[in-house]
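Chains, contacts and geometry: an overview
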Amino acid sequence: MDRSHEPSMSQNISSSAVTSLVPYRVSSKQVLLGVGDNFGTLHILEVPWSLRQASPNELHAMSSYFDRECSRIDYYKDRDANRGTAVVDSAPQIPTALETQEEEEERLKKSFNNYLNMEKEFLVKLGLKKEDDPVQLIH
C-alpha cells in the first residue's frame, strides 16, 4: 500500500498554535529544534537521526516519486481532455426550435429504434438471440 502521503513522524508540541521553528546544530551528531508557540513557551526538541541523515537511496526514491506524480497528473489531464470531447459528442441533441407533434414523434421513433438495434446486438453477443432474428422496429 502506498503510504507516501503520510508523515514520517509527528509530535504533539503544544495545544496552542506554533509560531516559530528554529533549528540549531549542536554538533555533527546532534541537532536541536526550538519551537515557539502562541503562549510564548519555548519547547526544545532533539531531531532524530533518521530525520537529519538521508538514507542511501533517498534521492533516487524521491526523484522516482516525483516522476510518478508528474506522470499521474499528465495522465489525468489527458483523460479529462478526452472525456470532455467524448461527453460533448455523445450528449443528446436538444432541439433548437419547438418541434411539431409529428417531428417529435419521428425523433422519438428513431431514438427507440436505435435502442432496439443496440439491444439486439447485446443479446446476440450474450448468445440469447440469433444474428438473423428480426427486430420489431416502429414505423
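Up top you'll find the structure we're talking about.
Residues numbered from 1 in each chain as written. Predicted model: local features only at pLDDT ≥ 70, side-chain atom pairs only at ≥ 80, totals over all residues. Heavy atoms only, no water.

So, on to the overall build of the chain. In terms of regular secondary structure, the chain is built from three helices and three strands. Buried positions account for 7% of the 139 residues belonging to the chain. Counting only contacts in the chain whose residues sit at least 6 apart along the sequence, the fraction spanning at least 24 positions is 16%. With an accessible surface of roughly 12400 Å², the chain has 56% of that area assigned to carbon and sulfur atoms. (Helix = DSSP H or I, 4+ residues; strand = E, 2+ residues; numbered from the N terminus. Buried < 20%, exposed > 50% of the residue type's maximum accessible area, 1.4 Å probe, protein only. Contact = heavy atoms within 4.5 Å. Areas by Shrake-Rupley, 256 points an atom, 1.4 Å probe, with all protein chains shown as cover.)

The three strands lie next to each other as β1-β2-β3, forming an open sheet whose pairing is antiparallel. With partners counted over all chains shown, the strands left at the sheet margins are β1 (18-27) and β3 (42-46), one partner each. In this sheet, adjacent strand axes meet at a mean angle of 20° when their direction is disregarded. Summarising the sheet, strand β2 (residues 30-37) and β3 pair through five bridges and their orientation is antiparallel. (Pairing = 2+ DSSP bridges. Axes fitted to C-alpha atoms, helices over the stretch in contact; angles between N-to-C directions.)

Among the surface-exposed residues, Glu 102, Glu 103, Glu 104, Glu 105 and Glu 106 lie close enough to one another that they form a single negatively charged patch. Relative to the helices and strands, Glu 102 is located in helix α3 (residues 101-126). (Patch = residues over 30% accessible without salt bridge, like charges linked within 9 Å, V, L, I, M, F, W, Y side chains within 5 Å. Salt bridge = Lys/Arg side-chain N within 4 Å of Asp/Glu carboxyl O. Lys, Arg positive; Asp, Glu negative; His and termini not counted. Charge placed at Lys NZ, Arg CZ, Asp CG, Glu CD.)

Another point: α3. Its 26 residues give α3 an end-to-end C-alpha distance of 37 Å, which sits within 8% of 38 Å, the value for a rise of 1.5 Å per residue. Turning to α3, its buried residues number three or more, namely Asn 113, Leu 116 and Lys 120. Looking one or two residues past α3, Gly 127 carries a phi angle of roughly 80°, positive in sign. (Expected span 1.5 Å × (residues − 1).)

This paragraph deals with the pairing of β1. Alignment of β1 against β2, held across eight bridges, turns out to be antiparallel. Looking at β2, one finds that Tyr 24 is bridged to Leu 32. Connecting β1 to the antiparallel partner β2 that follows it, the hairpin turn spans two residues.

What follows covers a nonpolar patch on the surface. A surface patch of nonpolar side chains, amounting to about 280 Å² of accessible area, comprises Phe 112, Tyr 115 and Ile 138. When its relative accessible area of 37% is taken as the criterion, Phe 112 is described as partly exposed.

Before going further, it helps to spend a moment on the side chain of Asn 113. Note on placement: Asn 113 falls in helix α3. Owing to a relative accessible area of 13%, Asn 113 belongs among the buried residues under this scheme. Look past the residues within four positions of Asn 113 in its chain and what remains in contact with it is Leu 137 and Ile 138.

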